[in-house]
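In case you want the letters, here they are:
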Amino acid sequence: MKNVLITGAAGFLGSHLCDRFIKEGFHVIGMDNFITGDKRNLEHLNSNPNFEFIEHDVTEHINIEKDIDYILHFASPASPIDYLKIPIQTLKVGSLGTHNLLGLAKAKKARLLIASTSEVYGDPLVHPQTEDYYGNVNTIGPRGVYDEAKRFQESITMAYHRFHGLETRIVRIFNTYGPRMRLNDGRVIPAFMGQALRGEDLTVFGDGLQTRSFCYIDDQIEGIYRLLFSDYPYPVNIGNPHEISIRDFAEEIIKLTNTKQKVVYKELPVDDPLQRQPDISLAKKLLNWEPIVSREEGMRKTYEYFQGLSQEDLFKKEHRDFSKHIKT
């Protein structure tokens, strides 16, 4: 049985990765410091003999005695609400955390896959975005703490690959959704569904003509899994290329939830990208992968998950206290 270390294991993507690798017969070591992760995402694995958990901050030295065959680095705040509140921690997990895990992978002779993001493209001037596009990123803007953390993460990973011959993989993740998303994390899908369930108007920022494309979690995990076991060390887009405007998406959510809410418009945040759509030609060619879950089916499953939340969770406004993680 091979061992796989998954950082950010208590997060949305990380917890689903734990499920997939256990299903595939791996022994999974989950690691998280719960700065944005949720222990409830892993409760169903607590009694599984093929799962163990280490509470640890990856920006600190990592010491694991047993052999490790694969590492998936998914530790990072990913929502704008989070990384604007903890900007330094966001930069550190992408830099120091990645450096620590690269060192661990080198020592263990493990293959490392890092979770990069479509945010490396910034507010793109090329549409759709291909992996050879270098991006349009404001390095000193408020979102730069996340964007640049991920861009540095890619750079240091490629440096270890070239200089040390380390086996590395880079996935550029586009907007992903599904069960276990945090309701109040500031992203559009949980925001709209939470507002609908609470009977609030749906908030659209800007004129609503900005576009997004949404990939269901099962499709995303499948793409990541295939990339890990490929022989390609360079970045690969994994996402759904079917694009929709936020204005039209709000109307879809109103229809899905059978609510009577209005759509209200507020000012667009600084550096919020106006277009976001992956070109997945490379993933199709290399991995024989493309998303198969329709937005209609995926949104229905996601809405059913949110409907199952308690009233306390549904009406909780402030979802995180970051004070114990902020070091002076």
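Remember, it's a predicted structure, so these values are computed and weren't measured experimentally.

Here is what the cut-offs are and how they apply
- Residues numbered from 1 in each chain as written.
- Predicted model: local features only at pLDDT ≥ 70, side-chain atom pairs only at ≥ 80, totals over all residues.
- Heavy atoms only, no water.
- Helix = DSSP H or I, 4+ residues; strand = E, 2+ residues; numbered from the N terminus.
- Rg over C-alpha atoms; globule rule 2.2 N^0.38 Å.
- Buried < 20%, exposed > 50% of the residue type's maximum accessible area, 1.4 Å probe, protein only.
- Contact = heavy atoms within 4.5 Å.
- Areas by Shrake-Rupley, 256 points an atom, 1.4 Å probe, with all protein chains shown as cover.
- Lys, Arg positive; Asp, Glu negative; His and termini not counted.
- Charge placed at Lys NZ, Arg CZ, Asp CG, Glu CD.
- Pairing = 2+ DSSP bridges.
- Right-handed = clockwise from strand over helix to strand, strands pointing away.
- Axes fitted to C-alpha atoms, helices over the stretch in contact; angles between N-to-C directions.
- Expected span 1.5 Å × (residues − 1).
- Parallel < 35°, antiparallel > 145°, perpendicular 65-115°, else oblique.
- Left-handed = near helix turned anticlockwise from the far one by under 90°.
- Nonpolar A, V, L, I, M, F, W, Y, C, P; charged D, E, K, R; others polar.

Peer 1: Please set out the overall build of the chain residue by residue, giving values where relevant.
Peer 2: Secondary structure assignment for the chain yields 10 helices and 13 strands. Whereas a compact globule of 328 residues would reach a radius of gyration of roughly 20 Å, the chain reaches 19 Å, a difference of no more than 12%. In the chain, which comprises 328 residues, the proportion classed as buried is 56%. Pairs at least 24 apart in sequence give 82% of the contacts found in the chain among residues at least 6 apart. Surface exposure of the chain reaches about 15000 Å², of which carbon and sulfur atoms provide 50%. For the chain, the separation between the mean place of its 40 positive charges and that of its 45 negative charges on side chains is 2 Å.

Peer 1: Can you break down the pairing of strand E1 (residues 3–7) residue by residue, with the values?
Peer 2: For E1, the tally of buried residues reaches 5 of 5 residues, placing the bulk of the element in the interior. Alternating positions in E1 separate into two faces, Asn3, Leu5 and Thr7 on one and Val4 and Ile6 on the other, with burial throughout. In terms of strand pairing, E1 meets strand E2 (residues 27–32) through 5 bridges, oriented parallel. Of the residues in E2, the one forming a bridge with Asn3 is His27. The parallel pair E1 and E2, bridged by helix H1 (residues 12–23), forms a crossover whose chirality is right-handed. Bridge analysis of E1 against strand E4 (residues 70–73) gives 4 bridges, and the strand direction is parallel. Note that in E4 the partner of Ile6 across the bridge is Leu72.

Peer 1: Quick rundown of the environment of Met31? Include the residues and the values.
Peer 2: With respect to the helices and strands, Met31 occurs in strand E2. Met31 sits in the buried class, given a relative accessible area of 2%. Those residues in contact with Met31 that sit more than four places away from it in its chain are Leu5, Ile6, Thr7, Gly8, Ala9, Phe53, Ile54, His56, Val58, Ile62 and Ile64.

Peer 1: For the sheet that holds strand E11 (residues 235–238), give the residues involved together with the corresponding values.
Peer 2: Taken in spatial order, the 7 strands line up as E3-E2-E1-E4-E5-E6-E11 in an open sheet, and their pairing is parallel. Each of the sheet's edge strands pairs with one partner strand only, and the pair in question is strand E3 (51–55) and E11. Along the sheet, successive strands turn relative to each other by an average axial angle of 20°, direction set aside. When E4 meets strand E5 (residues 111–117), the two strands line up parallel, connected through 4 bridges. In the strand pairing of E5, Leu72 is matched with Leu113. Sheet strands touched by helix H3 (residues 87–108): E1, E4, E5 and strand E6 (168–173). Its angle to E4, the strand with the most contacts, is close to 180°.

Peer 1: Before we move on, could you go through unusual backbone geometry and cite the residues and values that matter?
Peer 2: Most peptide bonds take the trans configuration, and most residues that are not glycine carry a negative phi. With an omega of -5°, the peptide bond running from His127 to Pro128 counts as cis. The residue Pro128 is located in the loop between E5 and helix H4 (144–164) in this model. The phi dihedral of Asn258 is positive, around 55°, even though this residue is not glycine. Along the chain, Asn258 turns up in the loop between helix H7 (246–257) and strand E13 (263–266). Located in the positive-phi region is Asn288, a residue other than glycine, with phi close to 55°. The class of Asn288 is exposed, set by a relative accessible area of 65%.

Peer 1: Hey, could you go over the pairing of E6 for me, with residue numbers and the actual values?
Peer 2: Of all 6 residues that make up E6, 6 are buried, and the element is covered over most of its length. Every second residue of E6 is oriented toward a common face, with Thr168, Ile170 and Arg172 on one face and Arg169, Val171 and Ile173 on the other, all of them buried. In terms of strand pairing, E5 meets E6 through 6 bridges, oriented parallel. Residue Ile114 lies in a different strand from E6, and its bridge partner there is Ile170. Two strands pair when backbone bridges link them, and E6 and E11 are joined in this way by 4 bridges, in the parallel orientation. Within E11, the position partnered with Val171 by the bridge is Val236.

Peer 1: Quick one: what's the story with helix H6 (residues 217–228), residue by residue and with numbers?
Peer 2: In this model H6 runs 17 Å from its N-terminal to its C-terminal C-alpha over 12 residues, within 8% of the 16 Å that 1.5 Å per residue would give. Burial runs high along H6: 9 of the 12 residues are buried. Within H6 the residues assigned to the buried category are Ile217, Asp219, Gln220, Ile221, Gly223, Ile224, Tyr225, Leu227 and Leu228.

Peer 1: So, the packing of helix H5 (residues 188–198) against helix H9 (residues 295–307): which residues are in play, and what are the values?
Peer 2: At a minimum axis separation of 10 Å, H5 and H9 run at an interaxial angle of 55°. On the basis of the axis angle, H5 is oblique to H9. Crossing geometry of H5 relative to H9 is assigned as right-handed. Residues Ile189, Pro190, Met193 and Leu197 of H5 lie in contact with H9, whose contacting residues are Met299, Thr302, Tyr303, Phe306 and Gln307. Taken together, the residues that form the contact of H5 with H9 break down as 7 nonpolar, 2 polar and no charged.

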